[in-house]
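Structural characterization, general
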Amino acid sequence: MSNPPSTGLRSWLTTTDHKRIGTLYFWTAFAFFLIGGLEALIIRAQLAQPDGSLVSADTYNQLFTMHGTTMVFLALMPMTAAFFNWIVPLQIGARDVVFPRLNAFSYWVFLLGGLFMNASFLIGAAPDGGWFGYVNLTGPQYSPGLNIDFWVLGLQILGVASLAAGFNFIVTILNLRAPGLTMMRLPVFSWMTLVTQFLVITAFPVITVALVFLLFDRTFGTNFYVPAAGGDPVLWQHLFWIFGHPEVYILILPAMGIVSEVLPTFSRKPLFGYTVVVYSGVLIGFMGWGVWSHHMFSVGLGPIADSFFAAATMLIAIPTGVKIFNWIATLWGGQIRFTTAMKFAVGFIAMFIIGGLSGVSHASPPSDLQQTDTYYVVAHFHYVLFGGTVLGLFAGMYYWIPKMTGRLLSERLGSWHFWLTFIGMNLTFFPMHFIGLLGMPRRIYTYAPELGLGTMNLVSTIGAFVIGLGTLALVINVLWSRRHGEPAGPDPWGGATLEWSIPSPPPPHNFDVIPTVTSRLPRWTTEHPAAPSAPGSAVHVPPGSWWPLVAAAGLPIMASAVVTKLLALVFLGAAVLVFGIYRWAYEPFEV
Amino acid sequence: MTHATSMGLDSRKLAFWTFIGSECLLFGSLISTYLVYKGQSVVGPYPHEILNIPVTSLSTFDLLASSLWMVLALAAVQRGDMKWAKIWLLGVAIGGLIFLGFQVYEFTSFVHEGLTLQRNLFGASFFLLTGTHGAHVAVGVIWMLTLWVQALRGRLGPQNAITVEIAGLYWHFVDVVWIIIFTLVYLLQ
C-alpha cells in the first residue's frame, strides 16, 4: 500500500488528508483576512476626517462591499472550516472525514471562488453593491458593469464549497464517532460544528436561488426584481436574509464552540451545564430561521410581521444568554490560567455581551427604525462578528495551533496581540454607537465637518490601526513559532478531549488505535489507560487524488462565461467538471 | 464501505439524505417565488391561458411510472438478477428522456405562444422552476445511463447495490418534487 507523498507541491495539490486541507484553509483564510483588514484600514483612513479624499466614492463602494464579502465568505467562514477540518476528526476519534476527496473539492472550490471574485480588482470592477447586494441597486439598470456579475458568480461558486463541506461534516460527526462517543459525550466544538453545517446546507440553497434570479435579471433580461413588470425587490431582501440571518449563526456558533473548549481547559473544570449549552446551540440553530425580517423592519412589512419578528428576535437572546451564564459559571471557582487563548475567550464573552445587548436594542422595530442604516448597526455587528467570531477564532488559534504544528505560540507576543486587539476594537467600534445614533449613515464615503463627528471618527480610525498592529503581532507570532516556538508535546494545556491524546502534530492516520470513549471528558476521567496496543499492521492512509482539483476548476471556467460573454466557456467548464467527477467516481480510492 | 458507522447507516446514504434536505430548500425557494408572483404579471400570457393539463398529465404519469421501474431496478440488482436490472435501469433513463421530451415540447410551444423568460413574471418563475427540475431529471438520466453501462460491463451487482439505491433516492426525490410542482403550478391555477 503506497502512502501519499508527504512533501512537495504535488502532495498539497492532491492531498485528501483533513489536517493538510485544514492547513490550506487556514493559510488561505488568513491571507483573505489580511486583505479584508487592509480594505477596512483604507475605509477608516478615508473616514478619519470630514471630507476625506483618499479614495473616490466609487472605490469606496468597492472597498466596503469587498470588505464585508471577504470577511464573511473568504476569511471567517473558511477559518472556521480550518478548525472543523483540523479538530473535528481528532475530537471524535476518526482517521479522517468521511469523504476525504469531497473535502479536498470543497477547499479547491473555495480557493478558486475567492480568487475569481477578487480577480475583479484586476479590471477595476470589484463588486460595489454591498455584501447584501440589494436590488434594484444591483440590477442591470443601476449596476450595468461587471462588478455585480463577479459578486453573484463568486458567491455561487463559494456556495458549492460550503454545501459540499456541510454534507461531509454532518455525516462525519454523525457516523465516524469513536466507539462509546455518544452524541451527549461529543465535545461542544464538534456539536456546534454539526449545528453550523445543518444551517449551511439549509441556508445556502436559498441564496443560490436569489442569486440565480439576479443573474437571470442581469444576463437574460428577466424581471424577477423589476417593479415595472410586477416584480418585487423585497423578494430579494427576503431571500437574502432568510439565508443571511442563519449565516450570522454560521459565523458565531463555531466561535461559541471554541470558547466552550477553551474555558473549561483553562479553568480546570468541566463546562458548566454541558447539556444546556448543547441544547441552547441547537435551539439557536432552529430559531435562527425565524428572525430574518428584523433586517427589514424599515421596509414596512406591517404590524403583524414586525411583531412576530421582533418577538422572535428577543426570544433568541435567551438561549444565547443561557450560554453566556454557563461560560461564566464555568469560570466560577476554577483554577484559572490566563493564557492568551483564555484571554481571548474571556474577551469573547465580554465583547459578545455588548454586541448582544445592542442587538436586542434593534429587535424592537420603533427603536430599529432610528438605528437602521446608521453606524449604530455597524457597531453592533462588529461587536458580534469581531468581538465574537474573530476573538473566538483567535482563542482557537492559540489553543489549537500547538496541536497543528507541534510548537507553542509565544505567550509574550500573544499578550501584545490580545491587548492591542482588545483595546483597538473598542476604540474602533465603541464610538460607532454614538456616531450612528447622532445620525451618520453607513456606506457613505465622506461626511461634512458640520456634523461634528470628526473627532469620534478619528478615534475610530486610530483604533482600527491599533487592531492592525495587533494583527501584525499575530502574523509574526504564527510565522516565528513555526521554527522557534517551544515544542508543545501532545498535551500542552491538560485538555480533556481526544485531540490531546495523540502527538502534535498528529501522524497522518491520527490514531494508532481508535480509542474507546467512556465519558464526556475522556482525558480527565480515565486513569491513564494502558497504552493502546500497537496496530497489527500499518494503518492505511488513502492516497491523494487530482480529481477534486480538476472538478473544482470547472466551476470558475463556467462562471467566466458570463463576464467574458463567451458561451463556449460554459461547455468547456462543464466538460472539465464532468470529466473530473467521472474520474473521481471511478478511480480506485479505498478510505 | 466496510467500516462500521456510529449510526449503522451507510455514510453515502446518510450524506445523500442531507443533500436531499438541502435540495428541499432549493425547490422550496423556487416554488415560493412562483406562488408569490402568481397573478402579479402585468402582461400575458397567463397560466390559465397556456398550461396544458392533459399533456402534462401524460408526462407526469411517465415520470411516476419511471419511479416504479427504479424500484424494480434496485430489487433486481439486490437479488443479483442483472438481466432485469439492465432492463429496468435503461427503462428509468428512457422514462426520464420521455419526460424531458415533453418538457422540450412544452417549452417550445409556450415560446411560440409568446411566453418567454423575459415576457412576464409568470414566464420567468415558471421556466426557472420547471427548468431547474428538468435539469435535475437530466442529471438523473445521465446517472441512470452510467449505472446501466456499469451493469453492461459487469461491474454492478448485489455487492454495490447501494449505488443504485442512492440513485433511486435521487430519482424518487425528483419525482416527488414534480408531484408538488404539478399540483401547485398546473392543477391549482
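The rules we used
- Residues numbered from 1 in each chain as written.
- Chains lettered and ligands numbered in written order.
- Predicted model: local features only at pLDDT ≥ 70, side-chain atom pairs only at ≥ 80, totals over all residues.
- Heavy atoms only, no water.
- Helix = DSSP H or I, 4+ residues; strand = E, 2+ residues; numbered from the N terminus.
- Rg over C-alpha atoms; globule rule 2.2 N^0.38 Å.
- Buried < 20%, exposed > 50% of the residue type's maximum accessible area, 1.4 Å probe, protein only.
- Contact = heavy atoms within 4.5 Å.
- Areas by Shrake-Rupley, 256 points an atom, 1.4 Å probe, with all protein chains shown as cover.
- Lys, Arg positive; Asp, Glu negative; His and termini not counted.
- Charge placed at Lys NZ, Arg CZ, Asp CG, Glu CD.
- Buried area = accessible area lost by both parts, 1.4 Å probe.
- Salt bridge = Lys/Arg side-chain N within 4 Å of Asp/Glu carboxyl O.
- Polar contact = N/O pair within 3.5 Å; in protein donor to acceptor, adjacent residues only side chain to side chain.
- Nonpolar A, V, L, I, M, F, W, Y, C, P; charged D, E, K, R; others polar.
- Core = buried A, V, L, I, M, F, W, Y, C linked by side-chain atoms within 4.5 Å.
- Domains from an automatic or database assignment.
- Expected span 1.5 Å × (residues − 1).
- Axes fitted to C-alpha atoms, helices over the stretch in contact; angles between N-to-C directions.
- Parallel < 35°, antiparallel > 145°, perpendicular 65-115°, else oblique.
- Left-handed = near helix turned anticlockwise from the far one by under 90°.
- Phe/Tyr/Trp six-rings, centres within 6.5 Å; stacked < 30°, edge-to-face > 60°.
- Lys NZ or Arg CZ within 6 Å of the ring centre and 35° of its normal.
- Patch = residues over 30% accessible without salt bridge, like charges linked within 9 Å, V, L, I, M, F, W, Y side chains within 5 Å.

1. Some words on the overall build of chain A
For chain A, the helix and strand inventory stands at 17 helices and 0 strands. In terms of overall size, chain A behaves like a compact globule, its C-alpha atoms giving a radius of gyration of 24 Å where 591 residues would be expected to give roughly 25 Å. In terms of its C-alpha atoms, chain A occupies a principal-axis envelope of roughly 70 × 60 × 45 Å. Within chain A, the proportion of its 591 residues that are buried is 61%. Counting only contacts in chain A whose residues sit at least 6 apart along the sequence, the fraction spanning at least 24 positions is 82%. Accessible area of chain A: about 21,700 Å², with a carbon and sulfur share of 70%. Counting 25 positive and 23 negative side-chain charges, chain A places the averaged centre of each group 12 Å from the other.

2. Description of the interface of chain A and chain B
Size of an interface: often given as the accessible area lost when the parts come together. If you look at the interface, chain A gives 35 residues, while chain B gives 32 residues. Counting the surface lost from both chain A and chain B, the interface buries some 2,800 Å², and carbon and sulfur atoms represent 67% of this. Considering only the surface of chain A that becomes buried against chain B, Phe167, Asn175 and Phe224 of chain A emerge as the three largest contributors, covering 20% of it. On the surface where chain A and chain B come into contact, there are 0 salt bridges. Where chain A touches chain B, the interface holds 12 residue pairs in polar contact (both at pLDDT 80 or more). Contributing elements (two or more residues each) for the side of chain A that touches chain B: α5 (147-175), α6 (188-219), α7 (233-267) and α17 (568-586) of chain A. Looking at the side of chain A that touches chain B, the element that brings in the most residues is α6 of chain A, giving 9 residues. The residue makeup of the side of chain A that touches chain B, split by class, is 25 nonpolar, 8 polar and 2 charged.

3. Side note on the nonpolar core
Residues and elements named next belong to chain A. Counting 242 residues, the largest nonpolar core has Phe73, Phe83, Tyr225, Trp236 and Phe348 as the members making the most contacts within it. Composition of this core by domain shows at least three residues from each of domain 1 (10-522) and domain 2 (545-591). When sequence neighbours within four positions are dropped, the list of residues in contact with Phe73 reads Pro78, Phe110, Trp131, Leu155, Leu158, Phe204 and Phe243.

4. Quick notes on helix α9 (residues 303-331) of chain A
End to end, α9 of chain A covers 43 Å across 29 residues, agreeing with the expected 42 Å (1.5 Å per residue, within 8%). Positive phi appears at Gly333 of chain A, one or two residues downstream of α9 of chain A, with a value of about 75°.

5. Some details on α5 of chain A
In this model, α5 of chain A (29 residues) spans 42 Å end to end at C-alpha, consistent with the 42 Å of a helix rising 1.5 Å per residue. Most of α5 of chain A sits inside the fold, with 28 of its 29 residues counted as buried.

6. Notes on the pattern of salt bridges
Residues and elements named next belong to chain A. One pass over the full model with this rule turns up 8 salt bridges over all chains. The shortest N-O distance in the salt bridge between Arg101 and Glu587 comes to 2.8 Å. Pair noted here: Arg101 is in helix α4 (residues 100-119) and Glu587 is in the segment after α17, with a separation of 486 residues, a long-range link. Among the residues examined, Arg101 registers a relative accessible area of 13% and is labelled buried. When the shortest N-O distance is used, the salt bridge between Asp491 and Arg523 registers 2.9 Å. Of this pair, Asp491 sits in the loop between α14 (454-484) and α15 (522-525) while Arg523 sits in helix α15, and the two are 32 residues apart along the sequence. With a relative accessible area of 22%, Asp491 lands in the partly exposed category. A relative accessible area of 25% places Arg523 in the partly exposed class.

7. Re the packing of α6 of chain A against helix α8 (residues 274-287) of chain A
Residues and elements named next belong to chain A. At a closest axis distance of 9 Å, the pairing of α6 and α8 adopts a crossing angle of 10°. When the axes of α6 and α8 are compared, the pair comes out roughly parallel. Between α6 and α8 lies a crossing whose hand is right-handed. Only Tyr274, Val277, Val278, Gly281, Val282 and Gly285 of α8 make contact with α6, whose side of the interface consists of Val188, Trp191, Met192, Val195 and Leu199. For the contact of α6 with α8, the per-class residue count stands at 9 nonpolar, 2 polar and no charged.

8. Remarks on the packing of aromatic side chains
Residue and element names in this part refer to chain A. Taken as a whole and assessed by the stated rule, the structure comprises 67 aromatic pairs over all chains. When the centroid spacing of 5.5 Å and the interplanar angle of 75° are considered together, the rings of Trp327 and Phe348 count as edge-to-face. Here the residue Trp327 occupies a position in helix α9, and Phe348 occupies one in helix α10 (residues 340-361), the gap between them amounting to 21 residues. As far as burial versus exposure is concerned, Trp327 and Phe348 are alike and both buried. Above the plane of the ring of Trp12 lies Arg20, whose end atom (NZ or CZ) is 4.2 Å from the centre.

9. Section: unusual backbone geometry
Residue and element names in this part refer to chain A. Look at the link from Val135 to Asn136: it is a cis peptide, with omega at 5°. With respect to the element layout, Asn136 can be found in the loop between α4 and α5. With an omega dihedral of -10°, the bond running from Ser504 to Pro505 counts as a cis peptide bond. Looking at where Pro505 falls in the secondary structure, it is placed in the loop between α14 and α15. For Asp51, which is not a glycine, the phi torsion comes out positive at approximately 55°. Relative to the helices and strands, Asp51 is located in the loop between α2 (18-47) and α3 (57-91). One non-glycine residue, Asn510, adopts positive backbone phi at about 65°. With respect to the helices, strands and loops of the structure, Asn510 is situated in the loop between α14 and α15.

10. Section: the domain arrangement of chain A
Residue and element names in this part refer to chain A. The domains assigned to chain A are domain 1 (10-522) and domain 2 (545-591). For domain 1 and domain 2, the distance between their C-alpha centroids amounts to 29 Å. Each partner contributes residues to the interface: domain 1 has 21 residues there, and domain 2 has 17 residues. Here domain 1 packs against domain 2, burying approximately 1,800 Å² in sum over the two surfaces, 81% of which is carbon and sulfur. For domain 1, the biggest contributors to the area lost against domain 2 are Arg101, Phe105 and Leu112; these three give 33% of the whole. Taken together, the links from domain 1 to domain 2 amount to 1 salt bridge. Between the two partners, domain 1 and domain 2, sit 3 residue pairs in polar contact (both at pLDDT 80 or more).

11. Side note on the environment of Phe83 of chain A
All names here are of chain A. By the element assignment, Phe83 lies in helix α3. Once the C-alpha coordinates of Phe83 and Gly159 are considered, the two residues, 76 residues apart in sequence, prove to be 19 Å apart. Dropping the residues within four chain positions of it, Phe83 is found in contact with Val88, Phe189, Ile258, Leu393, Gly396, Met397, Trp400 and Met404.

12. A few points about the side chain of Ser67 of chain B
Residues and elements named next belong to chain B. By the secondary structure assignment, Ser67 is in helix α3 (residues 53-78). Residue classification places Ser67 among the buried positions, given a relative accessible area of 10%. Setting aside residues up to four positions removed in sequence, Ser67 forms contacts with Trp171, His172 and Asp175.

13. Examining a nonpolar patch on the surface
All names here are of chain A. Together, Trp419, Ile423, Leu427, Leu458, Val459 and Ile462 make up a nonpolar patch on the protein surface, roughly 500 Å² of accessible area in all. Of all the secondary-structure elements, those providing two or more residues to the nonpolar patch are α13 (411-437) and α14. Tracing the sequence through the fold places Ile462 in helix α14.

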